[in-house]
Amino acid sequence: MATRPPVSLPKLSRRARILLTIAAVVILVLLLGARFLDTYVDWLWFGEVDARGVFSTVLLTRVALFFATGVLVGGLLAVSLWIAYRTRPVFVPVSGADDPLARYRTVVAARVRLFGIGIPVLAGLIAGVSGQGNWELVQLFLNRTSFNQTDPQFGHDMGFYVFQLPFYGWLLGWLFVAIVVAFIGGLMAHYLFGGVRLAGRGGQISGPARVHLSVLIGVFVLFKAVEYFFDRYDLLLSDRNDLFTGATYTDLNAVLPAKLILLCISVFCAIAFFVGAFLRNIQLPAIALVLLILSGIIIGVAWPAVLEQFSVRPNANEREAESIQRNMNATRHAYGLENVNYEDYTGSSEASPTEVRDDQGTIPNIRLLDPNVLSPTFTQRVGRENFYGFPDKLDVDRYTVDGEKQSYIVAAKEINTSGLRENQQTWINRHLVYTHGNGFVAAPANTIDRAIEEANSDGGYPIARTSDTQNPEGAGIRVDEPRIYYGELATDYAIVGGQPGQAPGEYDTATDRSYLYQGTGGVPIDNWFNRLIFAAEYGERNILFSDAIGEGSKIMYNRDPRERVEKVAPWLTVDGDPYPAVIDGRIQWIVDGYTTLNNYPYSQRTSLGTATEDSLSGVARQADNQINYVRNSVKATVDAFNGTVTLYEMDQQDPVLDAWMKVFPGIVKPNSEISPELREHFRYPEDLFKIQRELLTKYHVQRPQEFYSTQTFWNVPQDPTQPGGLDPNSDAAKQPPYYVLAQSPGQDEPTFQLTSALTPLARQYLAAWATVSSDPDSYGEITVLRLPTGGSQVEGPVQVQNAFQSNPAFTQDRTLLGNQSVDIIYGNLLTLPVAGGFLYVEPIYIQQRNAQSYPQLARVLVSFGGRIGFSSTLNGALDEVFGEGSGDAATGPAQEPDDQSTPTPPESSPNQQQPPPANGGNNADLDQAIADIQAALEQLRQAQQSGDFEAQGQALQRLDDAARRYEEAQNAGG
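Please read all numbers here as calculations on a predicted model, not as lab measurements. (Residues numbered from 1 in each chain as written. Predicted model: local features only at pLDDT ≥ 70, side-chain atom pairs only at ≥ 80, totals over all residues. Heavy atoms only, no water.)

**So, the nonpolar core**
Inference 1: Ranked by size, the top nonpolar core spans 176 residues in total, and within it Phe378, Leu647 and Leu839 carry the most contacts.
Inference 2: Looking at this core, the element that brings in the most residues is helix α6 (residues 158-192), giving 13 residues.
Inference 3: Among all residues touching Leu647, those that are not within four sequence positions of it are Val565, Val568, Ala569, Val634, Lys635, Ala636, Ile667, Val668 and Lys669.
Inference 4: In this structure, Val800, Phe804, Ile844 and Leu861 belong to the second largest nonpolar core, which totals 18 residues. (Core = buried A, V, L, I, M, F, W, Y, C linked by side-chain atoms within 4.5 Å. Buried < 20%, exposed > 50% of the residue type's maximum accessible area, 1.4 Å probe, protein only. Helix = DSSP H or I, 4+ residues; strand = E, 2+ residues; numbered from the N terminus. Contact = heavy atoms within 4.5 Å.)

What follows is the structure, encoded as structure tokens:
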């Protein structure tokens, strides 16, 4: 044996060491500077919303996990390297004249401390960065609570599976990582220093190296035995069967025993490695390892597959009955579907005009305004200035005005700086002058103005009025502070406040002069340090050098209500549709928060993103995460003026919320602190109802065998008013649920509720109608009207829309409504139980094809029992379906609103103009063409009633001629 003399390496000079140190510091600052900057900005923001406890708890937990996982992985690697170095052979045998590792061995030996400390530190840093992200899992384990409900297989409290089992799995995962890293590091060190050699037949390994590596493998296998123990509990979340989540017959009768057998074999294998570590013969560990691998294949994979193929599948409906029943019970509990009220409902009725007139709960409150269509209408008619705007989707709420409770389309008139003219797009205007919106806009959802009554009018408008600083009760709803600094359109920062004469002042429509913010929102930016911080954060030097920023100035950021709630409560899943409400004279954004899990035993997993996706636009889409438990545990409010975030406990029986309230004490206020006025404006959240109705399509069945057959499953219908919605083979989006003020069967008065139609699987007729109450006295109560499966079927939404499209009156009138300069927009198709049947109502809007146009209500379609009504008013459409006088129950068109609801745009916004009337103005040829079309339509209706086909042909010819002249006159006028 021979050794090479050590090679002497040149030492770095003092100057070189200093330069390397400076370079390392610069690189560290560049890498971590942005992170520290964001952290400080977040710390300031959490101070603004009085939630620094959340910030510090999350930060300290992350830091603790960073060091814990880093020390575990890096420390075990350091010990492994130390052992390998200390037990290295004194003489390193070499083969031949050259040792390929000599050079590397010399470099490492010359800097043992550098490599012995540097490599573990680097590994620890990587592990720490990865491990610190699991702070939620660790905090739930430390603050776990009891569900007071046990699983049907092992008898453990559900909290064990929710809080403890994930933590044990996470801990085992990091132990495996640490052992593998230590083994690889030790193996490489032994190889480098000659403890492991590849020369010769089969190579050679020194005694100390064999002991070291065998012990590590034995510990790994021992932890594998522990993993097999916990794997038994994970079977309750098995996805072996595509139909349901939970332990199947095969899991319970083959996989579960296999886990116990593999556990015992793993323990034996670990002992074999420990014994073999001190024996020269390594055959015993090798045999044990082969036994473990073979048993894993035969017992863990092959035997369950054989049982599944030859015993379970031929008798699956019987074999899986117990597992399906467990899944049904757990799913109903996990998704809040245990107390659904199912009622049988015929859905067929021959209602008389008197019965319809006597309906004082649903018919008078039918919603004609579609919040998903009317945002441009609100913008043009009540937006006034071009720097105000509304979200793409408006909201529906209810208010009591003049002693009458009714539903309203509501919106906050927010700042929208993108609407400023090009020459106004300066930094000062966008961030210091145009900083806030002004006003709460409300329009009765069941009423339009009288324009629709005019003989030659093609449209009606919402009676949208604004409560703002100029007229606090303009909408009949008093707002004491209507300025809106925090909203859905406020995506950029704003700098507010300051000293009079120094700050430019904020534009305020109430006084038409500068205004200085006096609220509590925002972070102070009147010191040079904070100005420097935010100038760096936003890359904007004006923040640092602008004279307009001085004493009292504040910067507002993270202004979106949904984003603010997500930051204050990072453990919540936030609903995609916040909505504004006037509470005690202030505009508050109400945001729903959910606690979700994906590890509730036996509960059905569902995709959050898929279940909540439908045809609605203008709402935030949920992430496509898998969940199997959800609770609307928190209601949050965000003050539109101050940005104050307040969380209220909504579900007082949610153990997950209880755990989080222990993690962040004081952040969620008790349910008792919810004021009656705030509770009056709580809506049952859309995303939660979408998830629940998706589960109801399956879990309304009562017997496991019926569930397994899937024959009685329901389906959420596709939205027939959207492109492709009438094609059953298309991928059209699902119909969204709709908020309505209506009186359902069994109710004594109308209630504000969220409703949805349901159809059979792969069929289009109506199978059920689901509703959930938003009223304080019955909040969250779900009722499902089940229709009979035999006999005559009630038409579903797609079938009704097809009937609308083929109705002669509507087909002919589309020539008038839709042409090359006008688009037809189909509003939401409402399904309402009325007089023992189902009433379908669909508003039809038209919109000019020009940049300044907006939708206006043109016609109303109604269907009941196969009879269709089509008119310019709901009253008229009801009369056509039920007979003369039936429409008297509906709310008629209101008188033309005051100047506020149909304002003329101010001179300061010349680009905001009202669109021309649908008939193009006072044009004699156009008016005559319209009159001829109306006359031809009347002749066609009379001919159809009499069955005179010759007269029908003549009427159609007259209609075509009149339509052609209408288009010519329209083009000439345009």
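**Side note on the packing of helix α2 (residues 52-86) against helix α5 (residues 135-142)**
Inference 1: Look at α2 against α5: their axes get within 10 Å of each other, and the N-to-C directions meet at 100 degrees. Classified by the angle between their axes, α2 and α5 sit roughly perpendicular to one another. For the pair α2 and α5, the contacting residues are Thr57, Val58, Thr61, Arg62 and Leu65 in the first and Trp135, Val138 and Gln139 in the second.
Inference 2: By residue class, the composition of the contact of α2 with α5 is 4 nonpolar, 3 polar and 1 charged. (Axes fitted to C-alpha atoms, helices over the stretch in contact; angles between N-to-C directions. Parallel < 35°, antiparallel > 145°, perpendicular 65-115°, else oblique. Nonpolar A, V, L, I, M, F, W, Y, C, P; charged D, E, K, R; others polar.)

**Some remarks on the pairing of strand β33 (residues 856-864)**
Inference 1: Taken across its 9 residues, β33 has 9 buried, putting it largely inside the fold.
Inference 2: Strand direction decides the pairing type here: strand β32 (residues 837-848) and β33, joined by 8 bridges, are antiparallel. The residue bridging Tyr845 from the neighbouring strand is Leu857, located in β33.
Inference 3: Between β33 and the antiparallel strand that follows it, strand β34 (residues 867-871), lie 2 residues; Gly865 among them carries a positive phi value of about 60 degrees. (Pairing = 2+ DSSP bridges.)

**Looking at helix α13 (residues 375-382)**
Inference 1: Most of α13 sits inside the fold, with 6 of its 8 residues counted as buried.
Inference 2: All of the buried residues in α13 are Ser375, Thr377, Phe378, Gln380, Arg381 and Val382.
Inference 3: Each element contacted by the buried residues of α13 is listed here: β6 (404-412), β9 (440-444) and β10 (465-467).
Inference 4: Among the residues trailing α13, Arg384 stands out with phi positive, at a value near 55 degrees.

**What about the confidence of the model for the protein?**
Inference 1: On average, the protein scores 87 in pLDDT, and the residues at 70 or more come to 87%.
Inference 2: Ranking the elements of the protein by mean pLDDT puts helix α27 (residues 949-973) last with 65 and strand β23 (residues 645-649) first with 98.
Inference 3: Taken together, the stretch residues 895-922 has pLDDT below 50 and engages in 66 contacts with residues farther than four places along the chain or on a different chain. (pLDDT = per-residue confidence, 0-100.)

**Considerations on the packing of aromatic side chains**
What characterises a pair of aromatic rings is the spacing of the ring centres plus the angle enclosed by the ring planes.
Inference 1: Applying the stated criterion across every chain, the model contains 49 aromatic pairs.
Inference 2: Aromatic pair Trp135 and Trp660: ring centres 6.0 Å apart, planes at 65 degrees, arrangement edge-to-face. Taken together, the residues Trp135 in helix α5 and Trp660 in helix α19 (residues 655-663) connect sequence positions 525 residues apart. Both residues of the pair, Trp135 and Trp660, belong to the buried class.
Inference 3: Relative to Phe390, the ring of Phe378 has its centre 5.8 Å away and its plane inclined at 90 degrees; by these criteria the two rings are edge-to-face. Here Phe390 lies in the loop between β4 (388-389) and β5 (395-401) and Phe378 lies in helix α13, a separation of 12 residues in the sequence. For the pair shown, Phe378 and Phe390 are each scored as buried.
Inference 4: Here the aromatic residues Phe141, Phe154, Phe160, Tyr161, Phe167, Tyr168, Trp170, Phe229, Phe230 and Tyr233 are joined through ring pairs into a cluster of three or more.
Inference 5: The ring of Tyr85 has Arg88 lying over it, and the distance from NZ or CZ to the ring centre is 3.9 Å. (Phe/Tyr/Trp six-rings, centres within 6.5 Å; stacked < 30°, edge-to-face > 60°. Lys NZ or Arg CZ within 6 Å of the ring centre and 35° of its normal.)

**Quick look at the sheet that holds strand β12 (residues 494-497)**
Inference 1: Taken in spatial order, the 3 strands make up an open sheet running β12-β16-β15, and their pairing is antiparallel. Sheet topology places β12 and β15 (523-524) at the edges, where each strand pairs with a single neighbour.
Inference 2: Sheet topology note: the β12/strand β16 (residues 553-556) ladder contains 4 bridges and is antiparallel. When the sheet's bridge partners are listed, Gly497 is paired in β16 with Ser553.

**Here we look at the pattern of salt bridges**
Inference 1: If you walk through the whole model with that rule in mind, you get 29 salt bridges.
Inference 2: Put simply, Lys224 and Glu227 hold a salt bridge, and the shortest N to O gap is 2.7 Å. Of this pair, Lys224 and Glu227 both sit in helix α7 (residues 207-234), separated by 3 residues, roughly a single helical turn.
Inference 3: The residue Lys734 makes a salt bridge to Glu694 at a minimum N-O spacing of 3.2 Å. Here Glu694 lies in helix α21 (residues 686-699) and Lys734 lies in the loop between β25 (714-715) and β26 (738-742), a separation of 40 residues in the sequence.
Inference 4: Assessed through its relative accessible area of 18%, Lys734 is described here as buried.
Inference 5: If you follow the salt bridges from partner to partner, you end up with Lys393, Asp395, Asp577, Arg683 and Glu686 in one network. (Salt bridge = Lys/Arg side-chain N within 4 Å of Asp/Glu carboxyl O.)

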